[in-house]
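The chain contents come next:
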Amino acid sequence: MPQTTKVETWVQKVKELCQPENIVICSGTPEEYDQMWELLIESGAARRLNNTKRPNSYIVRSDPDDVARVESRTFVCSHEEEDAGPNNNWMSPKDMKATLTPLFSGCMRGRTMYVIPFSMGPIGSPIAHIGVQITDSPYVVASMHIMTRMGRAVLDAIGSGDFVPCLHSVGKPLCKGEADASWPCNPNQLYVAHFPEERQIFSFGSGYGGNALLGKKCFALRIASTMAREGGWLAEHMLILKITNPEGIVRYIAGAFPSACGKTNLAMLVPTIPNWQVETVGDDICWMQFGDDGRLYGINPEAGFFGVAPGTSMQSNPNAMLTLRKNCIFTNVAETDEGDVWWEGMTEKPPAHLIDWRGEDWTPDSANTAAHPNARFTVSARQCPTMAEEWEDRSGVPISAILFGGRRATVVPLVNESANWIQGVFFGSIVSSEKTAAAAGNIGKLRRDPMAMLPFCGYNMADYWQHWINLAKNATTKLPSIYYVNWFRKDENGDFLWPGFGENSRVLKWIFDRCEGNAEVIKTPIGNVPSPDGIDFSGLKLSSSQIEHLLKVEIDGWLKEIPSIKAYYKEYHDRLPKELSKELEELKSRLEDAKQSTL
Ligand code: GTP
Ligand code: SPV
Ligand code: MN
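Residues numbered from 1 in each chain as written. Chains lettered and ligands numbered in written order. Predicted model: local features only at pLDDT ≥ 70, side-chain atom pairs only at ≥ 80, totals over all residues. Heavy atoms only, no water.

Some words on the pattern of salt bridges
For side chains bearing opposite charge, pairing can occur when the charged atoms are close. Applied cut-off: Each reported salt bridge corresponds to a side-chain nitrogen of Lys or Arg within 4 Å of a carboxyl oxygen of Asp or Glu. Labels follow the DSSP assignment, with helices taken as runs of H or I lasting at least four residues and strands as runs of E lasting at least two, numbered in each case from the N terminus. Only protein chains enter the accessibility calculation, which uses a 1.4 Å probe; a residue whose area is less than 20% of its type maximum is buried, one above 50% is exposed, and one in between is partly exposed.
All told, the structure shown has 32 salt bridges when counted by the stated rule. Ionic pairing is found between R575 and D83, a salt bridge with its closest N-O pair at 3.1 Å. Note that R575 is positioned in the loop between α15 (555-570) and α16 (578-598) and D83 in helix α3 (residues 81-84), a separation of 492 residues in sequence. Here R575 falls in the partly exposed class, since its relative accessible area comes to 24%. For K263, the salt bridge is made with D284, and the minimal N-O distance between the two is 3.8 Å. Taken together, the residues K263 in helix α9 (residues 263-267) and D284 in the loop between β15 (277-282) and β16 (286-290) connect sequence positions 21 residues apart. When sorted by exposure, K263 lands in the same class as D284, which is buried.

Right, here's the structure in full:
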């Protein structure tokens, strides 16, 4: 008799709890992918797009109450509340299990339960980790086909080894004869619960994005961040890009920007400066580990992109548009009369008529947007014309620089460079950004989003900062340089000062040159900023006063931030690394000195 594996034991347990009608162990084959679409079309959730315009692609409309990550219903269930930190919602593992057990009990009645073995990172890579997601959503199965390496090969790779169990249900059991909703979900009983000590994930009630594709934020960030802390590595909300200068020298840069703040766009950037090349390694998540040479190496643990559609166009991000020509899933975009897709910003002039993301007729006079602001595309990374040939390298790529950035209309300049790693961690810890549509809640509200990880750090943020600081203590060679960037500064009229997108290559060039030791800087209270001719602004329609505004270190503005940073740090009590309070004090005194000398 062959031994029962851990996967089989767990599947049996979940079957007894959830009571599905059938069980399918996912193979990961194209036939299986097609079958999911047959089901989704039959249920009314999806439509096939015009095959000549957008071959092998689908448009999906979610329930209007299930359109984004829901941070208020996302929990970290560590034994001690302090270990989850003020950055997470907390419930004790015991209480959460007592809450979830009745919800999951019988929750898959009348549905098929799919078992998805998946690998985050290339199968067999020493940096990769394996999970098994159980779900009752064919949309999740189809999405996992694109976003991860999954199926038979992963099951074989698990063998009798360990995996992270990820249990997901849309939370809508079906009675005999009951008609199904086109997008079943249960937003009133939503839970996205993480058990970092047991390394388990339970998600109930949503079928959308980061709530439901559990390999992504739940595993690759929240659970992986706790694994990384233990193992001395980093699991980050970062893009990875490869940049090659005209002499053919290559550098890799990682960058953390909050949700819907420009990672996908930067990762696929088309440089506007001649003879420079930018290629893509990853657009959302980066796992970094020390290599034998002491440098930090990053991998993209995902296999696809789940990117923001609105704003994506041949002007802003042609590489994304080229990636999206076939084999895509579009969720909550608008449909054209020709059976293709459209979203705000795709073309200058909207089509005269559309079916909007809610399935209703839409014209340019309609009051609402045609696509939901968090409408997304799902597409295999392999289709992106700028994927770097080494994007699936098992050992990852060596990272030379790390960027932190957010949406800040004021105060934060285009770019500044930290004097050292600890100061970089300090700047990462105080990143703040205006909230976007990627998460449910008030759009535009300014909040601190340290390292773009506020919604994704699976443990106390102060301990996470300490972990970052400790890396410097253990490093045997120079760690990446750290930069704070801001593409989103606005002028008096509320217009963006900086053209952004491809023009961000000008800032990348300066960072590249700094890594090579070639560019001049001016020392300021907030670190090093480019000398006046440090960044090439030629050919841009920017006046010298606009350039000055973009690069300006606003002493008063920064001084005003100090009390708010202090108050924010206070939330972390004595867990706050003393290195960070010291950085804050030193920043304050440098700013006060600078103010004195200008009086
Ligand atoms: P997640 O997938 O949610 O983690 O987001 P992301 O960081 O990958 O965001 P993405 O690149 O998809 O950015 C989405 C939004 O940022 C869109 O509204 C873009 O138009 C806008 N955006 C991206 N880059 C720039 C830029 O350089 N300047 C300006 N002004 N807007 C930008
Ligand atoms: C984000 O919100 O940062 C995303 C989308 O990348 S989701 O996977 O839904 O979290
Ligand atoms: Mn993201």
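Focus on the site of ligand 2
Selection rule: Only heavy atoms are used to decide nearness, and a residue is near a molecule or strand if one of them lies within 4 Å of it. Here a polar contact is taken to be a pair of N or O atoms separated by no more than 3.5 Å, where protein atoms must pair a possible hydrogen donor with a possible acceptor and residues adjacent in sequence count only if both atoms sit in side chains. Computed with a 1.4 Å probe, the accessible areas rest on the Shrake-Rupley method; for each residue, only the protein chains presented here act as cover. Under this grouping Gly is polar, as are all residues other than the nonpolar Ala, Val, Leu, Ile, Met, Phe, Trp, Tyr, Cys and Pro and the charged Asp, Glu, Lys and Arg.
Neighbouring ligand 2 are R69, G209, G210, K216, K217, H237, S259, D284, F306, R376, A438 and F456. A distance of 3.3 Å is found between an oxygen atom of ligand 2 and a side-chain nitrogen or oxygen belonging to H237. Within the complex, 98% of the 280 Å² of free accessible area of ligand 2 lies under protein. When contributions to the shell around ligand 2 are tallied by element, the ones reaching two or more residues are α7 (209-212) and α8 (215-231). In terms of residue class, the shell around ligand 2 is built from three nonpolar, four polar and five charged.

Concerning the domain arrangement of the chain
Interface size, as often reported, equals the accessible area lost upon joining of the parts. Selection rule: Domain delimitation in this document rests on an assignment produced automatically or drawn from a domain database. Contact criterion: two residues are considered in contact whenever any of their non-hydrogen atoms come within 4.5 Å of each other. Note on terms: buried area is the combined drop in 1.4 Å-probe accessible area of two parts once they are placed together, counting the loss on both.
For the chain, the domain assignment lists domain 1 (6-46 + 73-232), domain 2 (236-303 + 389-598) and domain 3 (305-383). One C-alpha centre belongs to domain 2, the other to domain 3, and the line joining them spans 29 Å. Domain 2 puts 13 residues into the contact, and the matching count from domain 3 is 14 residues. Both faces considered, domain 2 and domain 3 share a buried interface measuring about 1,100 Å² in area, 62% of it formed by carbon and sulfur atoms. On the domain 2 side of the interface with domain 3, the three residues burying the most area are M268, A303 and A437, jointly 38% of the side's total. Where domain 2 touches domain 3, the interface holds two residue pairs in polar contact (both at pLDDT 80 or more). When its residues are assigned to classes, the side of domain 2 that touches domain 3 shows nine nonpolar, three polar and one charged.

Focus on the site of ligand 1
If you check the shell around ligand 1, you find 19 residues, and the closest are A260, K263, T264, R376 and F501. In the model, an oxygen atom of ligand 1 is placed 3.1 Å from a nitrogen or oxygen of the G262 main chain. Here F501 contributes a backbone N or O atom positioned 2.8 Å from an oxygen atom of ligand 1. Bound to the protein, ligand 1 loses 90% of the 660 Å² it would expose on its own.

Side note on the sheet that holds strand β21 (residues 341-342)
This is how the line gets drawn: The criterion for strand pairing is that DSSP finds at least two bridges linking the strands in question.
Taking strand neighbours across the sheet as the criterion, the four strands line up as β21-β20-β22-β23 in an open arrangement whose pairing is antiparallel. Of all the strands in the sheet, just β21 and β23 (361-362) have a single pairing partner and so form its edges. In terms of strand pairing, strand β20 (residues 334-336) meets strand β22 (residues 354-355) through two bridges, oriented antiparallel. Bridge pairing in β22 places T336 opposite L354.

Thoughts on the sheet that holds strand β3 (residues 58-60)
To keep it simple, the criterion reads: Every axis in this analysis is a line fitted to C-alpha atoms, fitted for helices over the stretch in contact. Angles between the N-to-C directions lie between 0 and 180 degrees.
Overall, mixed pairing links the five strands, which are arranged β2-β3-β19-β24-β18 in an open sheet. Each edge of the open sheet carries a strand with a single partner, namely β2 (46-48) and β18 (304-308). Averaged over all adjacent pairs, the angle separating strand axes in this sheet is 20°, with direction ignored. Sheet analysis places β2 next to β3, joined by three bridges and oriented antiparallel.

Regarding the environment of V250
Mapped onto the elements of the fold, V250 is located in strand β14 (residues 250-256). The exposure class of V250 is partly exposed, given its relative accessible area of 34%. Put simply, V250 and Q277 are 27 residues apart on the chain and 9.3 Å apart in space, counted from C-alpha to C-alpha. Residue contacts for V250: discarding those within four places in its chain leaves K242, I243, T244 and F512.

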